[in-house]
Amino acid sequence: MEEQVYAVADIGGTKILLMLVSPDRDVILRRILPTPSEATPELVAGVLQEALFHALQDEGRDYRSLAGLGVCIAALVDFEEGVIHESPNLDWHEPVYFRKMLQDYCRCPVLLENDANAAVLGEVKYGAARGHRHAAYITISTGIGAGLYLNGDIYRGSGGFAGEIGHVKRFGKGRRCGCGGYGCLEAWASGLGIARSAISLWGESDPLKGPLNSAAVFSLAAAGNTLAASIIENAVDDIGTALANLVTLLNPSCLVIGGGVARNQPALIGMLQKKIEEIAVPPAVKITRVKVEAARLEPDAGAWGMFAMMCR
Ligand SMILES: [Zn+2]
């Protein structure tokens, strides 16, 4: 009988990553496909099933050689039940029995997990937080989210919704967040939040400045624009405050920072380390010496986390 393989996938708002991996962790195949726009759950499941079918076929295999399928997704996921409760990225707002939809098709064990939870496990097993028993992965991109790894295991909370650090409150004033709340961290400090701050200052369509996304604000700040610099300073201050509170509350030994905004701004890591050392409760930084690290497995951290979950 041919060797079994694991399939792992990360479903994002714009892209789906699919990999076939051997039990020895060799990547047999890695593909990126676009997430269909205005995608229903049935459509996304169908795209993934078809991509998996072709991937196996291209490797001269079929479903019988699949040892397991692990899927992570940017959504509020009940891991135990395999249900997606909410995915703002995909505009899904009703419970979806997504794991069952996949399972009916491929007849191997299927795991479904939140992408940040999967990413923290990936970074702990194979990446920047290797060897840590208490760690967190924080993604700073369009939104802000976290995966927690405590006492040597993923911490999901009672409903599977732990780690929603983008929606901790009391940041800024008078800005509604995508979650429906006001004063959320990510409404101000995510890539989208930074862009919103710039747009409220300069308007959306300044032909001299081009599209005011977070990268443009970082460039303006680096070029000496003091208003842009203050937007960035406030965002870093807000993220640093939220992370320092996380350190005070949970006493992790490692925080791994990932996501598009962090990836494009490597200086952010040092700024966050400094802020945390300034304001977290002293023993959590002076005795534990918590380390802030850049993610090492991006953009595949979630997929590797799903692999680790299936192989243990
Ligand atoms: Zn929110």
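Residues numbered from 1 in each chain as written. Predicted model: local features only at pLDDT ≥ 70, side-chain atom pairs only at ≥ 80, totals over all residues. Heavy atoms only, no water.

**Q** I'd like a rundown of the nonpolar core, residues and numbers included.
**A** The nonpolar side chains of a soluble globular protein tend to be buried, and buried together. Counting residues in hydrophobic clusters, the biggest one holds 43 residues, and the most contacted among them are Ile 138, Ile 140, Leu 243, Leu 255, Ile 257, Leu 272 and Ile 276. Here the element with the most residues in this core is helix 7 (residues 226–250); it accounts for 11 residues. For Leu 272, the residues in contact, after removing those within four places along its chain, are Ile 140, Val 236, Ile 239, Gly 240, Leu 243, Ile 257 and Val 292. Within the second largest apolar cluster, 34 residues are counted, among which are Leu 20, Val 44, Ile 73 and Leu 90. (Core = buried A, V, L, I, M, F, W, Y, C linked by side-chain atoms within 4.5 Å. Buried < 20%, exposed > 50% of the residue type's maximum accessible area, 1.4 Å probe, protein only. Helix = DSSP H or I, 4+ residues; strand = E, 2+ residues; numbered from the N terminus. Contact = heavy atoms within 4.5 Å.)

**Q** Any chance you could break down the side chain of Ser 197 for me, citing the residues and the numbers?
**A** Among the secondary structure elements, Ser 197 is positioned in helix 5 (residues 191–202). Those residues in contact with Ser 197 that sit more than four places away from it in its chain are Arg 175, Trp 188 and Ile 231.

**Q** Can you break down the packing of helix 5 against helix 7 residue by residue, with the values?
**A** With their axes 10 Å apart at the nearest point, helix 5 and helix 7 run at an angle of 150 degrees to one another. When the interaxial angle is binned, helix 5 and helix 7 end up roughly antiparallel. Classified by chirality, the crossing of helix 7 by helix 5 is right-handed. Residues Ile 194, Ser 197, Ala 198, Leu 201 and Trp 202 of helix 5 lie in contact with helix 7, whose contacting residues are Leu 227, Ala 228, Ile 231, Ile 232 and Ala 235. (Axes fitted to C-alpha atoms, helices over the stretch in contact; angles between N-to-C directions. Parallel < 35°, antiparallel > 145°, perpendicular 65-115°, else oblique. Left-handed = near helix turned anticlockwise from the far one by under 90°.)

**Q** Give me the lowdown on the coordination of the zinc ion, citing residues and values where you can.
**A** For the zinc ion, the protein coordination sphere consists of His 167 (ND1), Cys 177 (SG), Cys 179 (SG) and Cys 184 (SG), at 2.0 to 2.3 Å. What the four donor atoms of the zinc ion show is an angle range of 104 to 122 degrees at the metal, which sorts the shape as tetrahedral. Within one chain, the residues serving as donors to the zinc ion are arranged as H-x9-C-x1-C-x4-C. Its relative accessible area of 0% is what places Cys 184 among the buried residues. (Donors = N, O, S within 2.8 Å, 3.2 Å for Na, K, Ca; no water. Tetrahedral: all angles 85-135°; square planar, octahedral: opposite > 155°, others 65-115°.)

**Q** Can you lay out the environment of Thr 35 for me, pointing to particular residues and giving the numbers?
**A** Relative to the helices and strands, Thr 35 is located in the loop between strand 3 (27–34) and helix 1 (41–58). We classify Thr 35 as buried; its relative accessible area is 9%. Each C-alpha atom, one on Thr 35 and one on Thr 14, is 5.0 Å from the other, the two residues being 21 residues apart in sequence. Only 2.9 Å separates the side chain of Thr 35 from the backbone oxygen of Gly 12, close enough to count as a polar contact. One polar contact links the side chain of Thr 35 to the main-chain amide nitrogen of Lys 15, over a distance of 3.1 Å. (Polar contact = N/O pair within 3.5 Å; in protein donor to acceptor, adjacent residues only side chain to side chain.)

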